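What follows is the residue order along each chain.
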Amino acid sequence: MKLWSGRFDKNTDKLVDELNASITFDKRMYREDITGSMAHAAMLGAQGIIDPAEADRIISTLRDILADIQSGKLDFPLEVEDIHMGVEAELTRRIGDSGKRLHTARSRNDQVALDFRMWIKNAVIEIRGLLLSLMEALASIAKANTTSLMPSYTHLQRAQPSTFGHYMMAYANMLKRDVTRLEDCFDRMDELPLGSGALAATTYPIDRYAVARELGFERITDNSLDGVSDRDYAIELLSALSILMMHLSRFSEEIILWCSWEFKYIELDDAYSTGSSIMPQKKNPDIAELTRGKTGRVYGSLMGLLTVMKALPLAYNKDMQEDKEQVFDAVDNVKKILPVFTAMLLTMKVNTDNMRKAAENGFINATDCADYLVKRGLPFRDAYTIVGRLVNGCVASGKKLEELSIEELRELSPVFDTDIYSALDPDTCVKNRKVPGGPAPEEVERQIGIIESFIAERKA
Ligand code: ARG
(Lines give C-alpha, C1' and ligand atoms only; values in the text may rest on other atoms or scores of the structure.)
Protein backbone atom coordinates (compact mmCIF):
# COMPACT_ATOMS: atom_id res chain seq x y z
CA MET A 1 0.00 0.00 0.00
CA LYS A 2 1.28 3.45 -0.89
CA LEU A 3 2.17 5.94 1.86
CA TRP A 4 -0.16 8.43 0.19
CA SER A 5 -3.01 5.99 -0.61
CA GLY A 6 -5.47 7.48 1.94
CA ARG A 7 -6.93 10.02 -0.44
CA PHE A 8 -7.51 7.52 -3.25
CA ASP A 9 -10.30 5.04 -3.93
CA LYS A 10 -8.30 2.70 -6.10
CA ASN A 11 -4.77 1.68 -6.88
CA THR A 12 -2.71 3.33 -9.56
CA ASP A 13 -2.38 1.56 -12.87
CA LYS A 14 0.69 -0.65 -13.11
CA LEU A 15 2.00 1.37 -16.05
CA VAL A 16 1.64 4.54 -13.99
CA ASP A 17 3.67 2.96 -11.22
CA GLU A 18 6.42 2.13 -13.68
CA LEU A 19 6.46 5.62 -15.13
CA ASN A 20 6.20 7.38 -11.79
CA ALA A 21 8.80 5.42 -9.87
CA SER A 22 12.30 6.84 -9.59
CA ILE A 23 13.68 4.18 -7.26
CA THR A 24 15.56 2.45 -10.10
CA PHE A 25 17.92 5.42 -10.30
CA ASP A 26 17.45 7.48 -7.14
CA LYS A 27 18.42 4.54 -4.93
CA ARG A 28 21.95 5.76 -5.64
CA MET A 29 21.21 8.49 -3.10
CA TYR A 30 20.50 6.04 -0.28
CA ARG A 31 23.43 7.19 1.81
CA GLU A 32 22.46 10.85 1.51
CA ASP A 33 18.82 10.04 2.20
CA ILE A 34 19.63 8.07 5.32
CA THR A 35 22.21 10.46 6.78
CA GLY A 36 19.82 13.33 6.06
CA SER A 37 17.06 11.49 7.89
CA MET A 38 19.34 10.73 10.83
CA ALA A 39 20.17 14.43 11.21
CA HIS A 40 16.50 15.34 10.88
CA ALA A 41 15.46 12.79 13.53
CA ALA A 42 18.19 13.97 15.91
CA MET A 43 16.97 17.54 15.51
CA LEU A 44 13.31 16.54 16.04
CA GLY A 45 14.37 14.79 19.26
CA ALA A 46 16.56 17.64 20.48
CA GLN A 47 13.79 20.16 19.84
CA GLY A 48 11.24 18.01 21.69
CA ILE A 49 9.13 17.68 18.52
CA ILE A 50 9.30 13.93 18.93
CA ASP A 51 10.32 11.91 21.98
CA PRO A 52 14.16 11.85 22.15
CA ALA A 53 14.06 8.11 22.90
CA GLU A 54 12.08 7.54 19.73
CA ALA A 55 14.53 9.72 17.82
CA ASP A 56 17.37 7.50 19.06
CA ARG A 57 15.53 4.41 17.96
CA ILE A 58 14.93 5.90 14.52
CA ILE A 59 18.59 6.81 14.20
CA SER A 60 19.94 3.43 15.22
CA THR A 61 17.51 1.63 12.93
CA LEU A 62 18.45 3.92 10.04
CA ARG A 63 22.06 3.00 10.74
CA ASP A 64 21.14 -0.70 10.45
CA ILE A 65 19.26 -0.04 7.23
CA LEU A 66 22.29 1.75 5.81
CA ALA A 67 24.52 -1.19 6.70
CA ASP A 68 22.06 -3.64 5.15
CA ILE A 69 21.94 -1.71 1.90
CA GLN A 70 25.72 -1.48 1.81
CA SER A 71 26.16 -5.21 2.37
CA GLY A 72 23.60 -5.98 -0.32
CA LYS A 73 21.09 -7.46 2.15
CA LEU A 74 18.43 -4.89 1.38
CA ASP A 75 17.18 -3.70 -1.97
CA PHE A 76 14.11 -1.69 -2.89
CA PRO A 77 11.31 -2.94 -5.17
CA LEU A 78 9.57 -0.68 -7.67
CA GLU A 79 6.52 -0.44 -5.40
CA VAL A 80 8.32 1.83 -2.92
CA GLU A 81 8.31 4.50 -5.65
CA ASP A 82 11.44 6.37 -4.61
CA ILE A 83 14.35 6.15 -2.19
CA HIS A 84 12.70 8.51 0.29
CA MET A 85 9.59 6.38 0.69
CA GLY A 86 11.62 3.20 0.41
CA VAL A 87 13.74 4.05 3.43
CA GLU A 88 10.77 5.34 5.42
CA ALA A 89 8.71 2.22 4.68
CA GLU A 90 11.58 -0.04 5.72
CA LEU A 91 12.06 1.97 8.91
CA THR A 92 8.36 1.63 9.76
CA ARG A 93 8.42 -2.07 8.93
CA ARG A 94 11.20 -2.45 11.50
CA ILE A 95 10.04 -0.19 14.34
CA GLY A 96 6.37 0.54 13.67
CA ASP A 97 4.90 3.80 14.95
CA SER A 98 8.26 5.38 15.82
CA GLY A 99 9.20 5.10 12.16
CA LYS A 100 6.05 6.92 11.17
CA ARG A 101 7.19 9.95 13.16
CA LEU A 102 10.31 10.57 11.06
CA HIS A 103 8.50 12.55 8.37
CA THR A 104 7.26 15.16 10.89
CA ALA A 105 8.07 18.71 9.72
CA ARG A 106 9.44 17.47 6.42
CA SER A 107 8.31 16.83 2.85
CA ARG A 108 9.76 14.74 0.09
CA ASN A 109 10.28 18.04 -1.70
CA ASP A 110 12.85 19.37 0.74
CA GLN A 111 14.14 15.85 1.30
CA VAL A 112 14.96 15.26 -2.37
CA ALA A 113 16.48 18.75 -2.61
CA LEU A 114 18.71 17.86 0.35
CA ASP A 115 19.72 14.42 -0.93
CA PHE A 116 20.54 15.72 -4.38
CA ARG A 117 22.64 18.60 -3.06
CA MET A 118 24.55 16.24 -0.82
CA TRP A 119 25.13 13.80 -3.66
CA ILE A 120 26.30 16.56 -5.99
CA LYS A 121 28.60 18.09 -3.37
CA ASN A 122 30.33 14.71 -3.08
CA ALA A 123 30.58 14.36 -6.83
CA VAL A 124 32.18 17.80 -7.08
CA ILE A 125 34.84 16.84 -4.53
CA GLU A 126 35.60 13.59 -6.33
CA ILE A 127 35.81 15.19 -9.75
CA ARG A 128 37.99 17.98 -8.39
CA GLY A 129 40.41 15.35 -7.04
CA LEU A 130 40.58 13.60 -10.42
CA LEU A 131 41.15 16.94 -12.14
CA LEU A 132 44.01 17.80 -9.81
CA SER A 133 45.66 14.47 -10.66
CA LEU A 134 45.33 15.24 -14.36
CA MET A 135 46.89 18.67 -13.78
CA GLU A 136 49.71 17.03 -11.86
CA ALA A 137 50.33 14.72 -14.81
CA LEU A 138 50.42 17.69 -17.19
CA ALA A 139 52.88 19.54 -14.98
CA SER A 140 55.20 16.52 -14.89
CA ILE A 141 55.04 16.05 -18.68
CA ALA A 142 55.65 19.77 -19.14
CA LYS A 143 58.66 19.64 -16.83
CA ALA A 144 60.25 16.94 -18.97
CA ASN A 145 59.57 18.92 -22.15
CA THR A 146 60.46 22.57 -21.51
CA THR A 147 62.99 22.42 -24.36
CA SER A 148 61.04 20.07 -26.66
CA LEU A 149 60.66 22.36 -29.64
CA MET A 150 57.29 22.20 -31.33
CA PRO A 151 55.42 24.36 -33.81
CA SER A 152 52.33 26.07 -32.48
CA TYR A 153 49.41 26.65 -34.80
CA THR A 154 46.62 28.99 -35.78
CA HIS A 155 44.09 27.75 -38.34
CA LEU A 156 46.03 24.48 -37.92
CA GLN A 157 48.81 26.14 -39.95
CA ARG A 158 52.27 26.32 -38.42
CA ALA A 159 52.54 29.69 -36.73
CA GLN A 160 55.33 30.31 -34.21
CA PRO A 161 57.82 28.23 -32.27
CA SER A 162 56.75 26.82 -28.93
CA THR A 163 57.53 23.76 -26.85
CA PHE A 164 55.57 20.69 -25.88
CA GLY A 165 55.94 21.83 -22.28
CA HIS A 166 54.34 25.19 -23.07
CA TYR A 167 51.53 23.35 -24.82
CA MET A 168 50.87 21.05 -21.86
CA MET A 169 50.75 24.05 -19.54
CA ALA A 170 48.07 25.65 -21.72
CA TYR A 171 45.84 22.69 -20.93
CA ALA A 172 46.86 22.77 -17.26
CA ASN A 173 45.63 26.37 -17.10
CA MET A 174 42.33 25.44 -18.72
CA LEU A 175 41.85 22.71 -16.12
CA LYS A 176 42.76 25.13 -13.36
CA ARG A 177 39.75 27.20 -14.37
CA ASP A 178 37.63 24.04 -14.34
CA VAL A 179 38.73 23.36 -10.77
CA THR A 180 37.88 26.88 -9.61
CA ARG A 181 34.57 26.75 -11.48
CA LEU A 182 33.69 23.60 -9.54
CA GLU A 183 34.78 25.26 -6.31
CA ASP A 184 32.63 28.30 -7.05
CA CYS A 185 29.52 26.26 -7.69
CA PHE A 186 30.27 24.10 -4.65
CA ASP A 187 30.33 27.22 -2.54
CA ARG A 188 26.98 28.42 -3.90
CA MET A 189 25.26 25.05 -3.44
CA ASP A 190 26.52 24.66 0.12
CA GLU A 191 23.11 25.58 1.62
CA LEU A 192 20.75 23.27 3.47
CA PRO A 193 17.28 23.22 1.86
CA LEU A 194 15.73 20.95 4.52
CA GLY A 195 13.18 22.85 6.56
CA SER A 196 11.57 24.28 3.43
CA GLY A 197 8.91 21.61 3.91
CA ALA A 198 6.64 21.07 0.93
CA LEU A 199 7.17 24.74 0.01
CA ALA A 200 5.90 26.91 2.88
CA ALA A 201 8.25 25.69 5.61
CA THR A 202 6.61 24.42 8.78
CA THR A 203 4.95 25.41 12.02
CA TYR A 204 7.15 23.13 14.14
CA PRO A 205 10.03 24.76 16.04
CA ILE A 206 12.71 23.05 13.93
CA ASP A 207 16.39 24.01 14.15
CA ARG A 208 17.67 24.23 10.61
CA TYR A 209 21.08 25.48 11.70
CA ALA A 210 21.68 22.37 13.80
CA VAL A 211 20.82 20.13 10.83
CA ALA A 212 23.07 22.21 8.56
CA ARG A 213 25.97 21.83 10.99
CA GLU A 214 25.38 18.11 11.35
CA LEU A 215 25.32 17.56 7.58
CA GLY A 216 28.27 19.84 6.83
CA PHE A 217 26.41 22.68 5.12
CA GLU A 218 27.92 26.14 5.35
CA ARG A 219 24.56 27.97 5.29
CA ILE A 220 20.81 27.35 5.06
CA THR A 221 18.62 28.37 2.12
CA ASP A 222 16.87 31.63 2.81
CA ASN A 223 13.44 31.10 1.27
CA SER A 224 11.39 27.93 1.46
CA LEU A 225 9.74 28.32 -1.95
CA ASP A 226 13.12 28.72 -3.57
CA GLY A 227 14.59 25.97 -1.39
CA VAL A 228 12.40 23.30 -3.00
CA SER A 229 12.18 24.80 -6.51
CA ASP A 230 15.87 25.39 -7.11
CA ARG A 231 17.97 23.09 -9.27
CA ASP A 232 20.61 25.69 -10.13
CA TYR A 233 23.25 23.66 -8.35
CA ALA A 234 22.67 20.74 -10.71
CA ILE A 235 22.66 23.03 -13.74
CA GLU A 236 25.83 24.75 -12.56
CA LEU A 237 27.53 21.41 -12.11
CA LEU A 238 26.48 20.34 -15.61
CA SER A 239 27.70 23.68 -17.00
CA ALA A 240 31.06 23.28 -15.29
CA LEU A 241 31.32 19.69 -16.55
CA SER A 242 30.35 20.76 -20.07
CA ILE A 243 33.15 23.32 -20.13
CA LEU A 244 35.57 20.77 -18.71
CA MET A 245 34.56 18.25 -21.38
CA MET A 246 34.95 20.92 -24.05
CA HIS A 247 38.54 21.34 -22.88
CA LEU A 248 39.18 17.61 -22.85
CA SER A 249 37.57 17.33 -26.26
CA ARG A 250 39.89 19.95 -27.76
CA PHE A 251 42.82 18.15 -26.16
CA SER A 252 41.52 14.85 -27.56
CA GLU A 253 41.31 16.32 -31.02
CA GLU A 254 44.97 17.32 -30.81
CA ILE A 255 45.98 13.92 -29.46
CA ILE A 256 44.18 12.24 -32.34
CA LEU A 257 45.99 14.48 -34.82
CA TRP A 258 49.37 14.07 -33.12
CA CYS A 259 48.98 10.27 -33.23
CA SER A 260 48.37 10.25 -36.98
CA TRP A 261 51.21 9.38 -39.34
CA GLU A 262 50.86 12.89 -40.73
CA PHE A 263 52.13 14.30 -37.42
CA LYS A 264 53.51 11.44 -35.28
CA TYR A 265 54.33 13.85 -32.46
CA ILE A 266 53.27 11.28 -29.91
CA GLU A 267 52.63 7.59 -29.66
CA LEU A 268 50.06 6.28 -27.22
CA ASP A 269 50.93 3.26 -25.13
CA ASP A 270 49.47 -0.06 -26.32
CA ALA A 271 47.48 -0.27 -23.07
CA TYR A 272 45.65 2.92 -24.05
CA SER A 273 45.07 2.24 -27.74
CA THR A 274 42.87 -0.14 -29.66
CA GLY A 275 43.12 -2.11 -32.89
CA SER A 276 40.95 -2.67 -35.93
CA SER A 277 38.98 -5.81 -36.69
CA ILE A 278 40.13 -5.79 -40.33
CA MET A 279 43.18 -3.54 -40.78
CA PRO A 280 46.11 -5.26 -39.10
CA GLN A 281 48.30 -2.15 -39.03
CA LYS A 282 45.86 0.04 -37.10
CA LYS A 283 46.48 1.52 -33.68
CA ASN A 284 43.62 3.81 -32.85
CA PRO A 285 43.32 6.57 -30.21
CA ASP A 286 39.89 5.41 -29.00
CA ILE A 287 40.25 6.93 -25.52
CA ALA A 288 40.62 10.40 -27.00
CA GLU A 289 37.78 9.76 -29.44
CA LEU A 290 35.48 8.55 -26.69
CA THR A 291 36.31 11.63 -24.65
CA ARG A 292 35.42 13.79 -27.64
CA GLY A 293 32.24 11.78 -28.15
CA LYS A 294 31.14 11.85 -24.53
CA THR A 295 31.44 15.62 -24.59
CA GLY A 296 28.27 15.67 -26.69
CA ARG A 297 26.57 13.52 -24.13
CA VAL A 298 27.47 15.81 -21.22
CA TYR A 299 26.27 18.86 -23.20
CA GLY A 300 23.07 16.87 -23.77
CA SER A 301 22.56 16.49 -20.03
CA LEU A 302 23.01 20.22 -19.54
CA MET A 303 20.55 21.07 -22.32
CA GLY A 304 18.17 18.39 -21.04
CA LEU A 305 18.00 19.79 -17.53
CA LEU A 306 17.83 23.42 -18.66
CA THR A 307 14.90 22.45 -20.84
CA VAL A 308 13.16 20.55 -18.06
CA MET A 309 13.37 23.60 -15.80
CA LYS A 310 12.62 26.34 -18.30
CA ALA A 311 8.90 26.87 -17.75
CA LEU A 312 8.23 25.32 -14.37
CA PRO A 313 6.10 27.31 -12.03
CA LEU A 314 7.18 27.37 -8.37
CA ALA A 315 7.51 25.16 -6.45
CA TYR A 316 8.01 21.40 -6.95
CA ASN A 317 6.72 19.75 -10.13
CA LYS A 318 7.20 16.11 -11.00
CA ASP A 319 9.12 17.18 -14.10
CA MET A 320 11.97 17.78 -11.69
CA GLN A 321 12.39 14.06 -11.13
CA GLU A 322 14.10 14.14 -14.54
CA ASP A 323 17.06 15.97 -12.97
CA LYS A 324 18.82 12.97 -11.52
CA GLU A 325 19.53 10.76 -14.51
CA GLN A 326 21.02 13.71 -16.40
CA VAL A 327 23.37 14.51 -13.55
CA PHE A 328 24.22 10.88 -12.75
CA ASP A 329 25.06 10.18 -16.38
CA ALA A 330 27.27 13.23 -16.76
CA VAL A 331 29.08 12.60 -13.46
CA ASP A 332 29.56 8.89 -14.23
CA ASN A 333 31.06 9.63 -17.60
CA VAL A 334 33.34 12.42 -16.43
CA LYS A 335 34.55 10.20 -13.58
CA LYS A 336 35.17 7.35 -16.02
CA ILE A 337 37.08 9.52 -18.48
CA LEU A 338 39.39 11.52 -16.19
CA PRO A 339 41.58 8.73 -14.75
CA VAL A 340 41.95 6.98 -18.11
CA PHE A 341 42.80 10.25 -19.82
CA THR A 342 45.46 10.95 -17.18
CA ALA A 343 46.98 7.48 -17.54
CA MET A 344 46.92 7.78 -21.33
CA LEU A 345 48.96 11.00 -21.11
CA LEU A 346 51.39 9.67 -18.52
CA THR A 347 52.20 6.63 -20.67
CA MET A 348 52.43 8.31 -24.08
CA LYS A 349 55.74 8.56 -25.88
CA VAL A 350 56.65 12.07 -27.01
CA ASN A 351 58.48 12.04 -30.36
CA THR A 352 60.54 15.16 -29.83
CA ASP A 353 62.49 14.61 -33.07
CA ASN A 354 59.35 14.74 -35.19
CA MET A 355 58.15 17.87 -33.45
CA ARG A 356 61.51 19.51 -33.96
CA LYS A 357 61.51 18.58 -37.65
CA ALA A 358 58.07 20.13 -38.03
CA ALA A 359 59.23 23.22 -36.14
CA GLU A 360 62.17 23.61 -38.50
CA ASN A 361 59.83 23.86 -41.48
CA GLY A 362 56.87 26.02 -42.29
CA PHE A 363 58.53 29.38 -41.64
CA ILE A 364 57.58 29.47 -37.96
CA ASN A 365 60.53 31.85 -37.47
CA ALA A 366 59.07 34.44 -39.88
CA THR A 367 57.77 36.66 -37.07
CA ASP A 368 61.19 36.48 -35.42
CA CYS A 369 62.76 37.51 -38.71
CA ALA A 370 60.51 40.58 -38.83
CA ASP A 371 61.25 41.31 -35.17
CA TYR A 372 64.99 41.21 -36.02
CA LEU A 373 64.47 44.04 -38.51
CA VAL A 374 62.29 45.99 -36.07
CA LYS A 375 64.98 45.77 -33.40
CA ARG A 376 67.30 47.38 -35.94
CA GLY A 377 65.01 50.34 -36.50
CA LEU A 378 62.43 49.33 -39.13
CA PRO A 379 58.74 49.96 -38.46
CA PHE A 380 56.99 46.62 -37.87
CA ARG A 381 54.71 46.93 -40.95
CA ASP A 382 57.69 47.43 -43.26
CA ALA A 383 59.57 44.55 -41.68
CA TYR A 384 56.47 42.39 -42.04
CA THR A 385 56.25 43.18 -45.77
CA ILE A 386 59.93 42.42 -46.35
CA VAL A 387 59.71 39.05 -44.63
CA GLY A 388 56.50 38.26 -46.50
CA ARG A 389 58.42 38.78 -49.76
CA LEU A 390 61.29 36.62 -48.52
CA VAL A 391 58.86 33.82 -47.63
CA ASN A 392 57.22 34.15 -51.02
CA GLY A 393 60.60 33.71 -52.70
CA CYS A 394 61.49 30.80 -50.44
CA VAL A 395 58.25 29.00 -51.27
CA ALA A 396 59.12 29.34 -54.98
CA SER A 397 62.70 28.15 -54.54
CA GLY A 398 61.98 25.49 -51.91
CA LYS A 399 64.28 27.07 -49.33
CA LYS A 400 63.97 27.94 -45.66
CA LEU A 401 64.56 31.54 -44.48
CA GLU A 402 67.83 30.53 -42.82
CA GLU A 403 69.03 28.97 -46.09
CA LEU A 404 69.03 32.34 -47.88
CA SER A 405 72.50 33.86 -48.29
CA ILE A 406 73.24 37.18 -46.63
CA GLU A 407 73.34 38.76 -50.13
CA GLU A 408 69.86 37.42 -50.91
CA LEU A 409 68.58 38.80 -47.61
CA ARG A 410 70.21 42.18 -48.17
CA GLU A 411 68.51 42.49 -51.54
CA LEU A 412 65.32 43.13 -49.56
CA SER A 413 66.85 45.01 -46.66
CA PRO A 414 70.41 46.26 -46.08
CA VAL A 415 69.77 45.97 -42.36
CA PHE A 416 70.32 42.18 -42.39
CA ASP A 417 73.61 41.07 -40.90
CA THR A 418 75.13 37.65 -40.25
CA ASP A 419 73.65 37.50 -36.74
CA ILE A 420 70.28 36.96 -38.47
CA TYR A 421 71.11 33.23 -38.69
CA SER A 422 71.23 32.77 -34.93
CA ALA A 423 68.10 34.92 -34.59
CA LEU A 424 66.29 32.51 -36.93
CA ASP A 425 67.33 29.42 -34.99
CA PRO A 426 64.04 28.11 -33.58
CA ASP A 427 65.62 27.34 -30.20
CA THR A 428 66.70 30.99 -29.97
CA CYS A 429 63.22 32.08 -31.03
CA VAL A 430 61.71 30.11 -28.12
CA LYS A 431 64.36 31.22 -25.63
CA ASN A 432 63.70 34.89 -26.43
CA ARG A 433 59.97 34.57 -25.79
CA LYS A 434 60.52 34.91 -22.09
CA VAL A 435 57.88 37.47 -21.11
CA PRO A 436 55.30 36.15 -18.61
CA GLY A 437 53.15 33.57 -20.38
CA GLY A 438 55.70 32.79 -23.07
CA PRO A 439 57.27 29.47 -24.11
CA ALA A 440 60.86 30.18 -22.97
CA PRO A 441 62.00 27.22 -20.85
CA GLU A 442 62.57 29.22 -17.65
CA GLU A 443 59.21 30.94 -18.09
CA VAL A 444 57.43 27.60 -18.52
CA GLU A 445 59.22 26.44 -15.34
CA ARG A 446 57.60 29.42 -13.60
CA GLN A 447 54.18 28.45 -15.00
CA ILE A 448 54.69 24.88 -13.78
CA GLY A 449 55.49 26.26 -10.32
CA ILE A 450 52.18 28.12 -10.20
CA ILE A 451 50.20 25.02 -11.15
CA GLU A 452 52.14 22.91 -8.66
CA SER A 453 51.36 25.27 -5.79
CA PHE A 454 47.73 25.44 -6.89
CA ILE A 455 47.57 21.64 -6.61
CA ALA A 456 49.54 21.52 -3.34
CA GLU A 457 47.24 24.08 -1.67
CA ARG A 458 44.28 21.86 -2.47
CA LYS A 459 45.86 18.55 -1.56
CA ALA A 460 47.07 19.84 1.83
N1 ARG B 1 11.05 11.11 -6.53
C2 ARG B 1 10.79 12.51 -6.45
C3 ARG B 1 11.85 13.25 -7.25
O4 ARG B 1 12.87 12.67 -7.52
C5 ARG B 1 10.83 12.96 -5.04
C6 ARG B 1 10.02 14.18 -4.73
C7 ARG B 1 8.59 13.86 -4.84
N8 ARG B 1 7.76 14.93 -4.41
C9 ARG B 1 6.46 15.01 -4.76
N10 ARG B 1 5.79 16.02 -4.35
N11 ARG B 1 5.90 14.12 -5.51
O12 ARG B 1 11.66 14.37 -7.65
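All of the points below concern the structure found in this document. Because the structure is predicted, anything quoted here is derived from the model rather than measured.

Another point: the overall build of the protein. Looking only at helices and strands, the protein has 20 helices and six strands in total. Taken against the 2.2 N^0.38 rule, which gives 23 Å for 460 residues, the C-alpha radius of gyration of the protein at 30 Å runs more than 25% over that of a compact globule. Here the protein holds 460 residues, and the buried ones make up 50% of them. Of the contacts made within the protein by residues no fewer than 6 positions apart, 75% connect residues no fewer than 24 positions apart. When the accessible surface of the protein is split by element, carbon and sulfur atoms take 53% of a total near 22100 Å².

For S107, the position within the fold is in the loop between helix 6 (97–100) and helix 7 (108–144). Apart from residues no more than four positions distant in its own chain, S107 is found in contact with G197 and A198.

The description of an aromatic ring pair uses the distance of the two centres, along with the angle that the planes make with each other. A full pass over the atoms with the stated rule returns 11 aromatic pairs. Each ring, one from Y167 and one from W258, has its centre 5.3 Å from the other, and the planes form 75 degrees; the classification is edge-to-face. Note that Y167 is positioned in helix 8 (residues 164–189) and W258 in helix 11 (residues 232–259), a separation of 91 residues in sequence. A relative accessible area of 2% places W258 in the buried class. Their ring planes at 50 degrees and their centres at 6.1 Å tell us that F380 and Y384 sit as a pair that is tilted. Of this pair, F380 and Y384 both sit in helix 16 (residues 380–397), four residues apart, which is roughly one turn of the helix. The structure contains a cluster of three or more aromatic residues connected by ring pairs, namely F116, W119, Y233 and F328.

Before going further, it helps to spend a moment on the nonpolar core. Formed by 76 residues in total, the largest nonpolar core has its most connected members in I120, L241, I255, V327 and L345. Of all the elements in the fold, those that place two or more residues in this core are helix 7, strand 1 (149–154), helix 8, helix 11, helix 12 (286–309), helix 13 (323–347), helix 14 (352–359) and helix 20 (441–459). No other element matches helix 7, which puts 16 residues into this core. When neighbours within four sequence positions are excluded, L241 is seen to be in contact with I127, L182, V298, A330, V331 and V334. Counting residues in each nonpolar core, the second largest holds 37 residues, with I49, M118, L192 and L215 among its members.

Turning to the site of the ligand, a few remarks are in order. Around the ligand, a shell composed of S22, D26, D82, H84, R108, N109, V112, Y316, Q321 and K324 is seen. Note that a nitrogen atom of the ligand is positioned 3.0 Å from one of the side-chain N or O atoms of D82. Take K324: an N or O atom from its side chain is 2.6 Å from an oxygen atom of the ligand. Its free accessible area being 350 Å², the ligand has 87% of it covered by the protein chains. Classifying every residue of the shell around the ligand by side-chain character gives two nonpolar, four polar and four charged.

With the rule as written, the count across this model stands at 36 salt bridges. For E81, the salt bridge identified is with R108, shortest N-O distance 3.3 Å. Residue E81 is found in the loop between helix 4 (52–70) and helix 5 (83–95), and its partner R108 is found in helix 7; the two are separated by 27 residues along the sequence. Residue class for E81 comes out buried when judged on its relative accessible area of 5%. For R108, a relative accessible area of 24% corresponds to the partly exposed category. A salt bridge links R128 to E183; the nearest nitrogen and oxygen atoms lie 2.5 Å apart. Taken together, the positions of R128 in helix 7 and E183 in helix 8 put the pair 55 residues apart, joining distant regions of the chain. One network of salt bridges, with partners in common, ties together D68, K73, E90, R93 and R94.

The next point concerns helix 16. Given a rise of 1.5 Å per residue, 18 residues ought to cover 26 Å, and the 26 Å separating the end C-alpha atoms of helix 16 matches this to within 8%. Restricting attention to buried positions, one finds in helix 16 the residues A383, I386, V387, L390, V391 and C394. All buried residues of helix 16 lie within an arc of 140 degrees about the axis, which places them on one face of the element. Every exposed residue of helix 16 that faces more than 90 degrees away from the buried side is listed here: R381, Y384, R389, N392, V395 and A396. Immediately downstream of helix 16, the backbone of G398 shows phi near 70 degrees, a positive value.

Every buried residue of helix 15 (residues 366–375) is accounted for by A366, D368, C369, A370, Y372 and L373. On its buried face, helix 15 is in contact with strand 2 (157–163), helix 16, helix 18 (420–424) and helix 19 (426–432). Downstream of helix 15 by one or two residues, G377 has phi in the positive range, about 105 degrees.

About the thresholds
- Residues numbered from 1 in each chain as written.
- Predicted model: local features only at pLDDT ≥ 70, side-chain atom pairs only at ≥ 80, totals over all residues.
- Heavy atoms only, no water.
- Helix = DSSP H or I, 4+ residues; strand = E, 2+ residues; numbered from the N terminus.
- Rg over C-alpha atoms; globule rule 2.2 N^0.38 Å.
- Buried < 20%, exposed > 50% of the residue type's maximum accessible area, 1.4 Å probe, protein only.
- Contact = heavy atoms within 4.5 Å.
- Areas by Shrake-Rupley, 256 points an atom, 1.4 Å probe, with all protein chains shown as cover.
- Phe/Tyr/Trp six-rings, centres within 6.5 Å; stacked < 30°, edge-to-face > 60°.
- Core = buried A, V, L, I, M, F, W, Y, C linked by side-chain atoms within 4.5 Å.
- Near = heavy atom within 4 Å.
- Polar contact = N/O pair within 3.5 Å; in protein donor to acceptor, adjacent residues only side chain to side chain.
- Nonpolar A, V, L, I, M, F, W, Y, C, P; charged D, E, K, R; others polar.
- Salt bridge = Lys/Arg side-chain N within 4 Å of Asp/Glu carboxyl O.
- Expected span 1.5 Å × (residues − 1).
- Arc of directions from axis to C-beta.

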